[in-house]
Amino acid sequence: MFTIASLWIPFTIVAALGQVARNAMQRSLTKPLGTWGATNIRFLFGFPFSLLFLGLVLLATGDHLSPPPAVFWPWLLLGALSQIVATGLMLLAMNDRSFVVTTAYLKTEAIQTAIFGFVFLGDHLTWLKVLAIMIATVGVVITALRPGGDKSFAELKPTITGLVAAAAFALSAVGFRGAIINVPDVSFVTAASITLALGLFVQTVVLTIYLLWRAPDVLRGILRLWRPSMLAGFIGAFASQFWFLAFALTAAANVRTLALIEVLFAQAVAYYSFKQPIAPRELAGIALIVLGVAVLVGA
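Nothing here was measured: the structure is a model prediction, and the numbers come from that model. (Residues numbered from 1 in each chain as written. Predicted model: local features only at pLDDT ≥ 70, side-chain atom pairs only at ≥ 80, totals over all residues. Heavy atoms only, no water.)

Enquirer: Please give an account of the overall build of the protein chain that cites residues and values.
Expert: Across its full length, the protein chain holds 13 helices and 0 strands. Mapped in sequence order, the helices and strands of the protein chain form the string α-α-α-α-α-α-α-α-α-α-α-α-α. Here the protein chain, with 299 residues, has 55% of them falling under the buried criterion. For the protein chain, the share of sequence-separated contacts (at least 6 apart) that also reach a separation of at least 24 residues comes to 88%. When the accessible area of the protein chain is evaluated, it comes to approximately 13000 Å², of which 74% is carbon and sulfur surface. (Helix = DSSP H or I, 4+ residues; strand = E, 2+ residues; numbered from the N terminus. Buried < 20%, exposed > 50% of the residue type's maximum accessible area, 1.4 Å probe, protein only. Contact = heavy atoms within 4.5 Å. Areas by Shrake-Rupley, 256 points an atom, 1.4 Å probe, with all protein chains shown as cover.)

Here it is, written out as structure tokens:
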């Protein structure tokens, strides 16, 4: 039977499903809009939906809005700006490597989140949970390895890009959790929703200003493709809403480790949508991911 504290588990599963769908949509928009245009879609078109979610939450909870404390803002900026960098790097890596392999590189985020969460937030993890993170991360690495592949810089570049993107996503998760837990006097649902809306607002302003300065044609292209962009924005905001709800209830490392099941969802998307086959090595890695996740949930 689920308690409030354990709701982070279904929240994370729903968020992971939504994120895979959003990533696939953004990937399809990268060619016509470029990396940063496709990145801006999740923020520009996601922000209105975050306001809708916040309004519904306020009606349901009866909570009242008040200005967040000063300590909230550095955490929010860390989360928002790190996520911009991470999303752009993720799409760059997806252009150079397969959808599944890029997702696998990104999932090294779990161990990095555990380290950052311990250092910056003092998040406590038991040894059993640390073991679960390590097992799942090894599974990700096995999934990502390409034995006998080309070791040239052209091959290493997307690998490095994916790993740096994972570090930025880890910092983003820690930043957003730090912001959420510093929203006082409201329910965890409202704290998560306020943080999401303000985070998307900051991201929309920053990236839109950048595109106006460097690539105004990209903004016009985004407006021309408003229908698929709107859907990607909604799915992105929907997934983020559940990520933030999970961050409100448990350490970011727990959330990002359970999120490794995203690799399983990505395998299905890659197989059915992008016609990318699944190798036996990838199946072995997936088995370790499942084992690590099972240990984490059962710990």
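Read on, since the account is not over.
Enquirer: Provide a residue-level description of empty space enclosed by the protein, including the pertinent values.
Expert: The gaps left among the atoms become clear once a water-sized probe is rolled over them. Going through the model one piece at a time under the given rule, you end up with 3 cavities of 30 Å³ or more. Considering only enclosed or pocket space, the largest cavity measures out at about 170 Å³ in volume. Gln19, Gln83, Phe169, Trp243 and Arg256 are the residues nearest the centre of the largest cavity, which is lined by 19 residues in total. Looking at the lining of the largest cavity, the elements with two or more residues in it are helix 1 (8-44), helix 3 (72-96), helix 7 (153-180) and helix 10 (226-249). Looking at the lining of the largest cavity, its residues break down into 8 nonpolar, 5 polar and 6 charged. (1 Å grid on protein atoms, 1.4 Å probe; cavity = no way out; pocket = protein on both sides within 12 Å on 5 of 7 lines; lining within 4 Å. Points joined across faces, edges and corners; volume = space filled by probe spheres on them. Nonpolar A, V, L, I, M, F, W, Y, C, P; charged D, E, K, R; others polar.)

Enquirer: Hey, could you go over the packing of helix 1 against helix 9 (residues 216-224) for me, with residue numbers and the actual values?
Expert: Running from amino to carboxyl end, helix 1 crosses helix 9 at an angle of 55 degrees, the nearest separation of the two axes being 10 Å. With respect to helix 9, the axis of helix 1 lies oblique. Once helix 1 is placed against helix 9, the crossing between them reads as right-handed. Contact residues: Leu33, Gly37, Asn40, Ile41 and Leu44 in helix 1; Val218, Leu219, Gly221 and Ile222 in helix 9. (Axes fitted to C-alpha atoms, helices over the stretch in contact; angles between N-to-C directions. Parallel < 35°, antiparallel > 145°, perpendicular 65-115°, else oblique. Left-handed = near helix turned anticlockwise from the far one by under 90°.)

Enquirer: Give a description of the side chain of Gln19 that names residues and reports values.
Expert: Mapped onto the fold, Gln19 is located in helix 1. A polar contact of 2.8 Å, which involves the side chain of Gln19, links it to the side chain of Trp243. (Polar contact = N/O pair within 3.5 Å; in protein donor to acceptor, adjacent residues only side chain to side chain.)

Enquirer: Can you tell me about the packing of aromatic side chains, naming the residues and giving the values?
Expert: Considering all chains together, one arrives at 12 aromatic pairs under this definition. When the ring of Phe116 is compared with that of Phe120, the centres are 6.2 Å apart and the planes differ by 40 degrees; the resulting orientation is tilted. With Phe116 and Phe120 both in helix 5 (residues 109-121) and 4 residues apart, the pair spans about one turn of that helix. Sitting over the face of the ring of Trp213, Arg214 holds its NZ or CZ atom 5.2 Å from the ring centroid. A cation sits over an aromatic face here: Arg256 above Trp243, 4.3 Å from the ring centre. (Phe/Tyr/Trp six-rings, centres within 6.5 Å; stacked < 30°, edge-to-face > 60°. Lys NZ or Arg CZ within 6 Å of the ring centre and 35° of its normal.)

Enquirer: Lay out the pattern of salt bridges with the relevant residues and their values.
Expert: Inspection of the entire model under this criterion finds 3 salt bridges. Between Arg177 and Asp123 there is a salt bridge, and its shortest N-O distance comes to 3.5 Å. On the criterion of sequence distance, the pair formed by Arg177 in helix 7 and Asp123 in the loop between helix 5 and helix 6 (127-144) is long-range, its members being 54 residues apart. Classification of Arg177 as buried rests on a relative accessible area of 11%. When the shortest N-O distance is used, the salt bridge between Arg220 and Asp217 registers 2.0 Å. Taken together, the residues Arg220 and Asp217, both in helix 9 and 3 residues apart, mark about one turn of the helix. (Salt bridge = Lys/Arg side-chain N within 4 Å of Asp/Glu carboxyl O.)

Enquirer: Any chance you could break down unusual backbone geometry for me, citing the residues and the numbers?
Expert: For Asp185, which is not a glycine, the phi torsion comes out positive at approximately 65 degrees. In this structure, Asp185 sits in the loop between helix 7 and helix 8 (188-214).

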